[in-house]
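Descriptive analysis of the structure
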Amino acid sequence: MDNDKVLEIVNQKFTEYLTENKCRKTPERYAILNLIYSDHRHFDMDSLYKAMTEQNFRVSRATLYNTMQLLLECNLVLKHQFGQNLSFYERAYNNDMHHHLICTNCHSIREYKNAELKSIIQNRKIKNFTPSHYSLYVFGFCSTCARRLKVKNKQLKVNKV
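Residues numbered from 1 in each chain as written. Predicted model: local features only at pLDDT ≥ 70, side-chain atom pairs only at ≥ 80, totals over all residues. Heavy atoms only, no water.

Notes on the packing of helix α1 (residues 3–20) against helix α4 (residues 61–73)
For the record, the criterion: Each axis is a line fitted through C-alpha atoms, and for a helix only the stretch in contact is used; angles between axes span 0 to 180 degrees, taken between their N-to-C directions. Going along the chain from the N terminus, every DSSP run of H or I of four or more residues is numbered as a helix, and every run of E of two or more is numbered as a strand. By the definition adopted for this analysis, an angle is roughly parallel if under 35 degrees, roughly antiparallel if over 145, roughly perpendicular if from 65 to 115, and oblique otherwise. By definition, residues are in contact when any of their heavy atoms lie within 4.5 Å.
Two numbers describe how α1 lies on α4: the axes approach to 10 Å, and their chain directions differ by 100°. Judged on the interaxial angle alone, α4 and α1 are roughly perpendicular. Across the interface between the two elements, F14, Y17 and L18 from α1 touch T67, L70, L71 and E73 from α4.

If you want it as structure tokens, here you go:
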């Protein structure tokens, strides 16, 4: 589905949610939604605030946090805790199921898609439960950090001799 169609649908879903819950439909809320859906990457609140500022769209942090809560409640955004004291978010609508590879050293996050693993999880019957979506986090070292660690360990062995 092209991005214009996705934006149209998520704006409609957000409008319906705001109407049903008697929330104001402000330009700031829609600007935040549209910025989130203009990119596929994970983001934190600071990077979202910075992106809004860079686009010359003045929005308070309170508006950002309140809007994010609304977007979470209407299932247009997913929230992740990748083992840090920082929440990351990503768009939820029209986002292929994927897994997350998190480097415990530099905290980089990569998306990993595996059709076989996806099929196993989605086809698994769970008694008295109907899953809507899932997340799989794999923690380890990215290739850059693994190389640095290997070099560092070699240097430590040489220095001990």
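So, the pairing of strand β2 (residues 87–91)
Here is the rule: Only protein chains enter the accessibility calculation, which uses a 1.4 Å probe; a residue is then buried when its area is under 20% of its type maximum, exposed when over 50%, and partly exposed in between. Strand pairing is assigned whenever DSSP detects at least two bridges linking the two strands.
Extensive coverage of β2 is indicated by the burial of five of its five residues. On β2, burial covers both faces: S87, Y89 and R91 on one face and F88 and E90 on the other are all buried. The sheet contact formed by strand β1 (residues 77–81) and β2 spans five bridges and is antiparallel. Residue pairing for β2: V77 is matched across the bridge by R91. Where β1 folds back on β2, the antiparallel hairpin that results is connected by five residues, among which G83 adopts a positive phi of roughly 90°.

A few points about the pattern of salt bridges
The condition is simple: Here, a salt bridge means any Lys or Arg side-chain nitrogen found within 4 Å of an Asp or Glu carboxyl oxygen.
Counting across every chain of the model gives three salt bridges. Across the pair K5 and E8 runs a salt bridge, and its minimum N-O distance is 3.9 Å. Of this pair, K5 and E8 both sit in helix α1, separated by three residues, roughly a single helical turn. Looking at E8, the relative accessible area reads 49%, which means it is partly exposed.

Treat this as a map of the structure, not an account of what it does.
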